[in-house]
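Analysis of the macromolecular model
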Amino acid sequence: MTLSARQSLVCAALTGWRGDGPCPWQSPMAKGDIIAWAASYLGGEEGLAAAFADLAREGLFHQVLYSVFAAPVYYCSYDGRFVDELPGNIAVWITGATISDLKDFWSAEL
């Protein structure tokens, strides 16, 4: 089973790179970095830009502007409804994780 571009971005929001465990966001990140993390789950970048735009529009990623001339960066909303989109066997991609564990982790970050 493979992840969709959208699911790969949710995993990236949870962990960063594939192989890492769930971790909080220490600072906003550039879109390119988030897409690179998601590509480590997907195995390429196909469909990630469009899926990122959809997820940003739906509220998973919030754009942050530090100043007029700074490039936009994004922060994660920790909205657990996006975790519900992940497959039940998520431990294949995020070692030892369950959907319930991941939702609890994000709830604790709010």
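One structure accompanies this document, and this report is about it.

Examining the overall build of the protein
Across its full length, the protein carries 4 helices and 2 strands. Listed by position from the N terminus, the elements making up the protein come as α-α-α-β-β-α. Considered along the principal axes of its C-alpha atoms, the protein spans approximately 45 × 30 × 25 Å. Contacts in the protein between residues far apart in sequence, at least 24 positions, make up 58% of those at least 6 positions apart. If you sum the accessible surface of the protein, you get close to 5600 Å²; carbon and sulfur atoms cover 55% of it.

With respect to the side chain of serine 77
One can find serine 77 in the loop between strand 2 (73-76) and helix 4 (99-109). At 2.8 Å, the side chain of serine 77 forms a polar contact with the backbone oxygen of glycine 59. With residues up to four places along the chain from it excluded, the contact list for serine 77 reads Gly59, Leu60, His62 and Leu110.

Here's the deal with the side chain of serine 8
Relative to the elements of secondary structure, serine 8 occurs in helix 1 (residues 5-15). Residues contacting serine 8, with those up to four places away along its chain left out, are Leu3, Ala38, Tyr41, Leu42 and Leu48.

Analysis parameters
Residues numbered from 1 in each chain as written. Predicted model: local features only at pLDDT ≥ 70, side-chain atom pairs only at ≥ 80, totals over all residues. Heavy atoms only, no water. Helix = DSSP H or I, 4+ residues; strand = E, 2+ residues; numbered from the N terminus. Contact = heavy atoms within 4.5 Å. Areas by Shrake-Rupley, 256 points an atom, 1.4 Å probe, with all protein chains shown as cover. Polar contact = N/O pair within 3.5 Å; in protein donor to acceptor, adjacent residues only side chain to side chain.

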